[in-house]
Amino acid sequence: METLALDGTSLKCSDLIKVYKDCDGKVKVVVQDSAKEKIHRAREGVEEKIKSGETVYGTNTDVSALKSAPPPGSGAQAAGYAGRWGKYVEHYDKQVCRAAWVILLNGFARGSTVVTWSLVKQIIRWVNMAWNKKNKIHDLVPNIEKGASVGFGDVIAPTVLHVETLAKYQIVSEDKAVKREYEFASGEVLALLSNNCFTLAEAVVTVSNIIETMEIIEVATALDIEAEEANTFIISKEAEEVAQWETKKKVIERLRKLLRGSQLFHKAPSSIHPYVSLRASTDILGTAWEALENTKQVLEDLINSHQGNPVVVGPWNSDVSETKIGPVAQFDTTRLFWSLSSLQQAMGCL
């Protein structure tokens, strides 16, 4: 069994793909002890603020237009946020749901939310047991509909996931869950729904699929060069030396390796100039790979960041000397949208 230890800062897209592809309980998710301490200290800071009479958004208030009302404190109340649930027919891949909760857990591991360690432990149990198809708890994983978000955050998808799991059952052993709602502490319901863990999880899976497609396209390009008996200078060491940027250089090197042993390097080409599409292939492939690398970096920044609103900052997770709690919009997806749009255009050139 492989163990993925979350610390809030070092989660890789490749780690999430391992979690996503695991349906047999071979990847166990844990939270590092140092992160556990941060979670405890953040919650203690929140409790102290509440006791002192300070207003903490979503913890001793409701949210959005209901800021002056009491906070949502149960799965039943949270279900009210899922008012549009049931109007769509397309569902998330259930493995995406698992990856989404790992992203959420990784955000909690930063010690910047209001959640308790008790909630984190319960989510870890679900992540490690419910997505194992050999486990009876697997049958409790709900279908989560796509397209139901009504704001910057995913909101509906994470709400439905927690309403249909945490708000109905508690896992009490390795393969047993009982009908009993988890007792949410103040603010935890908002922490579960005010995030973009589903958007990020699906983006990570999509980028992984595109990487696999790109690897196939490179093989196809090499075969095309062979079939056309093209001038091999376009993938020569000399062409690599004069290539304008590093990603293009790597494409040229990989294509040359794919054609290692080819007779093309020992005979005259069919034409002094290959078709323009072949001459430009390293530029087009290099551009697509560069867009992929940029998108992957953006995703890794976001899956290792605080998700949601509010944020808790203190000496355990920053250089500040006292606890501060304030509003942020770290569920905004503008940067992700920009990187995915760039990737879409680059892939379109293929």
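Here the structure is shown first, and the text comes after it.
S.K.: Sorry if this is basic, but what is going on with the overall build of the chain here?
M.R.: Broken down by element type, the chain carries 13 helices and 6 strands. The principal-axis extents of the C-alpha atoms in the chain amount to approximately 80 × 45 × 40 Å. Across the 350 residues of the chain, 50% fall into the buried class. Of all intrachain contacts in the chain linking residues separated by at least 6 positions in sequence, the fraction that spans at least 24 positions is 76%. When the accessible area of the chain is evaluated, it comes to approximately 16,800 Å², of which 52% is carbon and sulfur surface. On the chain, the mean spot of the 40 positive side-chain charges and the mean spot of the 44 negative ones are 4 Å from each other.

S.K.: Explain the side chain of Thr221 here, please?
M.R.: Examined against the element boundaries, Thr221 turns out to sit in helix α8 (residues 197–227). Once residues within four sequence positions are removed from consideration, Thr221 is found in contact with Leu255, Ser281 and Leu285.

S.K.: Would you take a moment to explain the packing of aromatic side chains for this structure?
M.R.: If you walk through the whole model with that rule in mind, you get 3 aromatic pairs. For the ring pair Tyr92 and Phe198, a centre distance of 4.9 Å and an interplane angle of 55° mean the geometry is tilted. Of the two residues, Tyr92 is situated in the loop between α3 (75–79) and α4 (94–108) and Phe198 in helix α8; the sequence distance between them amounts to 106 residues. A relative accessible area of 0% means that Phe198 is categorised as buried. Each ring, one from Trp101 and one from Trp131, has its centre 6.0 Å from the other, and the planes form 75°; the classification is edge-to-face. Note that Trp101 is positioned in helix α4 and Trp131 in the loop between α5 (117–129) and α6 (156–164), a separation of 30 residues in sequence. Across this residue pair, the class does not change: Trp101 and Trp131 are buried.

S.K.: Mind showing me how you'd approach the environment of Val313 here?
M.R.: Structurally, Val313 can be placed in strand β5 (residues 311–313). Residue classification places Val313 among the partly exposed residues on the basis of a relative accessible area of 25%. C-alpha of Val313 to C-alpha of Ser112: the two residues are 201 residues apart in sequence and 5.9 Å apart in space. Apart from the residues lying within four places of it in its own chain, the contact partners of Val313 are Ser318, Val320, Glu322, Thr323 and Lys324.

S.K.: Would you mind going over helix α2 (residues 33–51) with me for this structure?
M.R.: An α-helical segment advances 3.6 residues per turn. Residues three or four places apart therefore align on the same side. Taking 1.5 Å per residue, 19 residues should reach 27 Å; α2 reaches 27 Å between its end C-alpha atoms and fits that length. Within α2, burial applies to Ala35, Ile39, Ala42, Arg43, Gly45, Val46 and Lys49. Buried residues in α2, looked at end-on, bunch into an arc of 155°, giving them a common side. Turned more than 90 degrees from where α2 packs its buried face, Asp33, Glu48 and Lys51 sit exposed. Packing partners of the buried residues in α2 comprise β1 (2–6), β2 (27–31), α4, α5, β5 and β6 (324–326). Remark: Gly53 follows α2 within two positions and exhibits a positive phi of approximately 95°.

Parameters at a glance
- Residues numbered from 1 in each chain as written.
- Predicted model: local features only at pLDDT ≥ 70, side-chain atom pairs only at ≥ 80, totals over all residues.
- Heavy atoms only, no water.
- Helix = DSSP H or I, 4+ residues; strand = E, 2+ residues; numbered from the N terminus.
- Buried < 20%, exposed > 50% of the residue type's maximum accessible area, 1.4 Å probe, protein only.
- Contact = heavy atoms within 4.5 Å.
- Areas by Shrake-Rupley, 256 points an atom, 1.4 Å probe, with all protein chains shown as cover.
- Lys, Arg positive; Asp, Glu negative; His and termini not counted.
- Charge placed at Lys NZ, Arg CZ, Asp CG, Glu CD.
- Phe/Tyr/Trp six-rings, centres within 6.5 Å; stacked < 30°, edge-to-face > 60°.
- Expected span 1.5 Å × (residues − 1).
- Arc of directions from axis to C-beta.

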